[in-house]
Amino acid sequence: MVPPADVERLEVLKGPVSVLYGTGSTGGVVNAIPYSGQFAPRLRCTSATSMSFESVAAGWSTYARVGLGAPRYYLMLSQTYRDHESYTDGAGRQIPNSQFTDRQSHVHAGVRLNATQEADLRYQVFEARDVGIPGAGGVFAAPATVTYPRTRRWLAEATWRYQPRSAVWKRSEARLFLQSVDRRARVN
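Residues numbered from 1 in each chain as written. Predicted model: local features only at pLDDT ≥ 70, side-chain atom pairs only at ≥ 80, totals over all residues. Heavy atoms only, no water.

### Focus: the overall build of the chain
- Looking only at helices and strands, one finds one helix and ten strands in the chain.
- Taken from N to C terminus, the helices and strands of the chain fall in the order β-α-β-β-β-β-β-β-β-β-β.
- Along the first, second and third principal axes, the C-alpha set of the chain runs to 65 × 40 × 30 Å.
- The proportion of buried residues among the 188 residues of the chain is 30%. (Helix = DSSP H or I, 4+ residues; strand = E, 2+ residues; numbered from the N terminus. Buried < 20%, exposed > 50% of the residue type's maximum accessible area, 1.4 Å probe, protein only.)

Structure below.
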């Protein structure tokens, strides 16, 4: 549920890290870090766009990102849209019920309150429609087709950072993080 074009970097943490990421992470974690807004020494604008066609899924993907950074604030906006039909394997055979259409919007804004305090807000919304689950028919009586007619995830995060000018105390941070995932399967 993270568009590949919106990922700035991946972090791979090997081994058990269940203290940080829960008991399901006994073998490790792959953490996808999205692009973020950034402060800049002077006013700076950045942008990126891409459009691609994937022949294996006969579908289009579009992505756009724009960022604005300054000494006291930043703003980053991005939008992704993908529309893919069912995939074909290496031999050209169609993999039934592997289609999907999705979009994601991402907003990240921050402000430097003074020399030692910063605050930022992040909001993401992801929505997918008609997502096929290939192979799920084998779990149900034939010829069942299983799809997610509508899947939606939103994430909101507010962060406050305090960085005192001290050799001992480096940084304090308070973060409020809310996420909602609505995913319901339909069996036909």
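### A word on the pairing of strand S5 (residues 73-84)
- Alternating positions in S5 separate cleanly, Tyr74, Met76, Ser78, Thr80, Arg82 and His84 being buried on one face and Tyr73, Leu75, Leu77, Gln79, Tyr81 and Asp83 remaining unburied on the opposite face.
- Here strand S4 (residues 59-69) runs beside S5; their pairing, made up of ten bridges, is antiparallel. Bridged to Leu68 within S5 is Leu75.
- Taken together, S4 and the strand that follows it, S5, pair antiparallel across an intervening segment of three residues.
- Where S5 and strand S6 (residues 100-112) come together, twelve bridges link them in antiparallel fashion. Within S6, the position partnered with Thr80 by the bridge is Gln104. (Pairing = 2+ DSSP bridges.)

### Points about the pairing of S4
- Because side chains alternate across S4, one face comprises the buried residues Gly59, Ser61, Tyr63, Arg65, Gly67 and Gly69, and the other comprises Trp60, Thr62, Ala64, Val66 and Leu68, none of which is buried.
- As paired strands, strand S3 (residues 44-54) and S4 are joined by eleven bridges and run antiparallel to one another. The residue bridging Glu54 from the neighbouring strand is Gly59, located in S4.
- Between the end of S3 and the start of S4, which pair antiparallel, lie four residues, with Ala58 showing a positive phi angle near 45°.

### Things to note about the environment of Gly92
- Here Gly92 is to be found in the loop between S5 and S6.
- Overall, the relative accessible area of 54% leaves Gly92 in the exposed class.
- Considered as a pair, Gly92 and Val56 are 36 residues apart in the sequence and their alpha carbons are 8.4 Å apart.

### A look at the environment of Val111
- Structurally, the position occupied by Val111 is in strand S6.
- Distance from Val111 to Arg152, taken between C-alpha atoms, is 29 Å for residues 41 residues apart in sequence.
- Discounting residues that sit within four places of it in the chain, Val111 has contacts with Phe39, Arg72, Tyr73, Glu118 and Ala119. (Contact = heavy atoms within 4.5 Å.)

### Remarks on the packing of aromatic side chains
- Throughout the structure, instances matching the rule amount to four aromatic pairs.
- Connected via pairs of aromatic rings, a cluster forms that spans Trp160, Tyr162 and Trp169.
- Over the ring of Phe39 we find Arg112; its NZ or CZ atom is 4.0 Å from the centre of that ring. (Phe/Tyr/Trp six-rings, centres within 6.5 Å; stacked < 30°, edge-to-face > 60°. Lys NZ or Arg CZ within 6 Å of the ring centre and 35° of its normal.)

### Some details on the pattern of salt bridges
- In total, this model carries 17 salt bridges according to the counting rule given.
- A salt bridge links Arg171 to Glu173, with the shortest nitrogen-to-oxygen separation between them at 2.5 Å.
- Glu173 sits in the partly exposed class, given a relative accessible area of 35%.
- Salt-bridge contacts for Arg175 lead to Glu173; the nearest nitrogen and oxygen are separated by 2.9 Å.
- Three or more residues are tied together by salt bridges with common partners; here these are Arg112, Glu118, Asp120, Arg122, Glu157, Arg161, Arg171, Glu173 and Arg175. (Salt bridge = Lys/Arg side-chain N within 4 Å of Asp/Glu carboxyl O.)

### Structural notes on the side chain of Ser61
- Topologically, Ser61 is positioned in strand S4.
- Residue Ser61 is classed as buried on the basis of its relative accessible area of 15%.
- Of the polar contacts made by the side chain of Ser61, one reaches the side chain of His84; its length is 3.2 Å.
- If sequence neighbours within four positions are ignored, Ser61 has contacts with Ser50, Met51, Ser52, Tyr81, Arg82 and His84. (Polar contact = N/O pair within 3.5 Å; in protein donor to acceptor, adjacent residues only side chain to side chain.)

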